[in-house]
Amino acid sequence: MPMITPQMWNQRLRLSKIQEKSTQSKESLFGGRGIPIFIVFLVILGASTTPLADSSPINQATLSGNPPACTIPFLVEETLVFPTKESVSFTSIPAISTTIYLEYGPSPARLSKKTPTMSVNGGETAAFVMDGLSPGKKYYYRVRCTNPGNPRPGTKETHSFSTLAREGESFTFLYGTDSHYYELWGNETFGSAGGLDTFHLSLDHMFEDIAQEGALFHIIGGDWAQTSCGGCKGGTLDGETYPPGSVQNEATAKQRYIQTLDATAYGRVTKDMPLVYVLGNHEGEAGFDQEEMAHSLAGRKSVLPDAPASYASNAEDSYYYFDSGDARFIILDVMRYTPIVPQSANDWTLGTIQLEWLERILQSNEKKWVFIFAEHLDGGEKAYGVGGNQSWYGRGGLRATDTDLPTGVFKGEQSIIQALQETHLSPGGASFFLSGHDHVAIIPTEKPNDQGEGTRTYHVKGGRMGGVGFGWTTDAAFKKEMDWDLDTITDYEDLETGTKKPGYYRITVNGKESVVFEYIQSDKNDPTLDGTVAFTKIVYAEE
């Protein structure tokens, strides 16, 4: 007879009691008399003919009704992308072959929905969509995947997310840009340390915002995976080679997205907060380098899922839009359709198709607030003392105009974007243009017209999430360009209007009433400042 564990004993005892009640309540099939309970118990006790090892977690889980843990390694763990009011996309990359699917529902105890099942090899992407959801609701999910040698799917930790807000609901989202994560990681791994610790501080604060503020999603403003990176260091780690410099093939581009979504990097927050991303100049998808663009695009798309149809994106998912609550969010691509290395502000272009698309999206908007995100201006300034003609870099903000003053007309196609923003404003609302690239944070500042009157359109500089360099910020011409309020003090050195410190924006949309911008600074040298609000700006709706 096989060895009986305490769990088996308790289970069989319960079964014997059920059988006892059954035999007392009805006649037996054996001559009309009930079978004595000790006989029933012995039959049940000897029913097993296959020995069960006491130490087997799989067998214990089977007896208790709980599935085993899924313990296989992942190159990319749970990553949520592209939220909508009814769904969210998901991607992960197991390191070894497995069968995988998701369970999800309104509470950890009610994971009543499931995705289709996929069988993937190690290094292949498993992408799903959790759909059939309701707007403005919190949901829970977990991965089910098989361990080697066991066809029964195990479970990973349960996580949660919320769908996009309903109209009239307040919500918070995060905007962090220019982490230069891959460059900082490569420097620390294969060279000298510097800057990566500050990026991790920003992630710490983002994680707190998920838990305490209920942040719905995170917009990455560009320059994160860095497939175009002349200064990126390379080397060998755990038997895997990481080539230096910019990528030369799809495999290396995929490798960089995988590393950037590592559980110690962006993957720390994307398990519970969906990401939406802008492509920066370091994401390698510029129209003036077709070969690098092809490698970078293929690598990105091999890791990240397609945007949902409701985002109305282009085929490459490099520009798109979505709505949440009383706000419309528009992601622009200033890199892909510029065919030559710009020698003036007029060389930058969104391309005719994207410009026409932008006009349609703004024209159809009925939301109170509009947020437009881009890597940098679709134009910019020409000259700074740190490098002569900077037109190829797209630097600048409110003073990148024909008069070098905020009241002037923007250089290049930024003037068209500005005109569209002003033309299609919702009554009493406001439109915001948020860009990174310059590694400084400047408070939302209203663009005046040529008469000095407010236009209800605001420009915002996004700062930098990591400890990446910003040598141009000491240049006199750059400092003048970033003096938007014309008080002779560059705005990123005035604590009330901006900062050079790393960090990110926490932005709260209070229905139709107001939008609150808070810059959460990261400071590894001063714990009293680290994680605090550097500056705040509230934009109210007009009557």
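Residues numbered from 1 in each chain as written. Predicted model: local features only at pLDDT ≥ 70, side-chain atom pairs only at ≥ 80, totals over all residues. Heavy atoms only, no water.

Right, let's get into empty space enclosed by the protein. In the structure shown here, the tally under the stated rule is 1 cavity of 30 Å³ or more. In this structure, the largest cavity encloses a volume near 30 Å³. If you trace the largest cavity, you find it lined by Asn365, Lys367, Lys368, Val370, Gln421, His424, Leu425, Ser426, Ala430 and Ser431. Its residues placed into classes, the lining of the largest cavity shows 3 nonpolar, 5 polar and 2 charged. (1 Å grid on protein atoms, 1.4 Å probe; cavity = no way out; pocket = protein on both sides within 12 Å on 5 of 7 lines; lining within 4 Å. Points joined across faces, edges and corners; volume = space filled by probe spheres on them. Nonpolar A, V, L, I, M, F, W, Y, C, P; charged D, E, K, R; others polar.)

With 8 of its 11 residues buried, helix 6 (residues 250-260) lies for the most part within the structure. Buried within helix 6 are the following residues: Thr252, Ala253, Gln255, Arg256, Tyr257, Ile258, Gln259 and Thr260. Turning to helix 6, the residues buried within the fold contact strand 1 (74-81), strand 2 (88-94), helix 4 (181-190), strand 13 (240-242) and helix 7 (290-301). Backbone nitrogen of alanine 251 and a side-chain oxygen of the N-cap are separated by 3.3 Å at the start of helix 6; the cap is asparagine 249. (Buried < 20%, exposed > 50% of the residue type's maximum accessible area, 1.4 Å probe, protein only. Helix = DSSP H or I, 4+ residues; strand = E, 2+ residues; numbered from the N terminus. Contact = heavy atoms within 4.5 Å. Polar contact = N/O pair within 3.5 Å; in protein donor to acceptor, adjacent residues only side chain to side chain.)

Attention now moves to the pattern of salt bridges. Under the counting rule described, the total for this entry stands at 24 salt bridges. Its salt-bridge partner being aspartate 209, residue arginine 506 comes within 2.8 Å of it at the nearest N-O pair. Here arginine 506, found in strand 24 (residues 503-510), pairs with aspartate 209, found in helix 5 (residues 196-213); they are 297 residues apart in sequence, far enough to count as distant. Taking the shortest distance from any N to any O, the salt bridge between arginine 456 and glutamate 542 comes out at 4.0 Å. Of this pair, arginine 456 sits in strand 22 (residues 454-462) while glutamate 542 is found in the segment after strand 26 (533-540), placing the two residues 86 residues apart along the sequence. (Salt bridge = Lys/Arg side-chain N within 4 Å of Asp/Glu carboxyl O.)

It is worth spelling out helix 7 at this point. The terminal C-alpha atoms of helix 7, which comprises 12 residues, lie 16 Å apart, in line with the 16 Å expected from a rise of 1.5 Å per residue. Contact partners of the buried residues in helix 7: helix 6 and strand 14 (275-277). (Expected span 1.5 Å × (residues − 1).)

Let us look at the state of the cysteines. Under the defined criterion, the tally for this structure stands at 2 disulfides. At a sulfur-sulfur separation of 1.8 Å, the disulfide partner of cysteine 70 is cysteine 145. On the S-S bond that ties cysteine 70 to cysteine 145, the torsion sits near -115°, and the link is left-handed. Taken together, the residues cysteine 70 in the loop between helix 3 (57-64) and strand 1 and cysteine 145 in strand 7 (residues 138-145) connect sequence positions 75 residues apart. Overall, the relative accessible area of 0% leaves cysteine 145 in the buried class. (Disulfide = S-S within 2.5 Å.)

Let us look at the nonpolar core. Phe173, Ile219, Phe329, Phe371, Phe373 and Phe432 are the most contacted members of the largest nonpolar core, which has 71 residues in total. Counting residues in each nonpolar core, the second largest holds 22 residues, with Ile330, Leu350, Ile372 and Leu377 among its members. (Core = buried A, V, L, I, M, F, W, Y, C linked by side-chain atoms within 4.5 Å.)

All right, on to the pairing of strand 10 (residues 171-176) then. Across the 6 residues of strand 10, 6 count as buried, placing the element largely inside the fold. Residues Phe171, Phe173 and Tyr175 line one face of strand 10 and the alternating positions Thr172, Leu174 and Gly176 line the opposite face, and both faces are buried. In terms of strand pairing, strand 10 meets strand 24 through 5 bridges, oriented antiparallel. For tyrosine 175, the partnering residue across the bridge sits in strand 24 and is tyrosine 505. The pairing of strand 10 with strand 11 (residues 218-220) spans 3 bridges and is classified as parallel. The residue bridging glycine 176 from the neighbouring strand is isoleucine 220, located in strand 11. (Pairing = 2+ DSSP bridges.)

Looking now at the packing of helix 4 against helix 6. For any two helices packed against each other, the geometry is given by the interaxial angle and the distance between the axes. Close contact between helix 4 and helix 6 brings their axes to 10 Å; oriented N to C, the two are set at 90°. The pairing of helix 4 with helix 6 is recorded here as roughly perpendicular in orientation. Facing Tyr181, Tyr182 and Trp185 of helix 4, the residues of helix 6 in contact are Gln255, Arg256, Gln259 and Thr260. Residues that form the contact of helix 4 with helix 6 fall into these classes: 3 nonpolar, 3 polar and 1 charged. (Axes fitted to C-alpha atoms, helices over the stretch in contact; angles between N-to-C directions. Parallel < 35°, antiparallel > 145°, perpendicular 65-115°, else oblique.)

On to the environment of threonine 115, then. Its place among the elements puts threonine 115 in the loop between strand 4 (113-114) and strand 5 (118-120). Under the relative-accessibility criterion, threonine 115 is labelled buried at 3%. Spatially, the C-alpha atoms of threonine 115 and phenylalanine 128 are 6.8 Å apart, while their sequence positions differ by 13 residues. Aside from chain neighbours lying at most four places away, what touches threonine 115 is Tyr101, Leu102, Tyr104, Phe128, Val129 and Met130. A polar atom in the side chain of threonine 115 sits 3.0 Å from the backbone nitrogen of leucine 102.

Moving on to the side chain of aspartate 438. Mapped onto the elements of the fold, aspartate 438 is located in the loop between strand 20 (430-435) and strand 21 (441-448). Residue class for aspartate 438 comes out buried when judged on its relative accessible area of 1%. The residues touching aspartate 438, leaving out its near neighbours within four places in the chain, are Arg395, Gly396, Lys461, Trp472, Thr473, Phe478 and Met482.

Keep in mind these values describe shape, not function.
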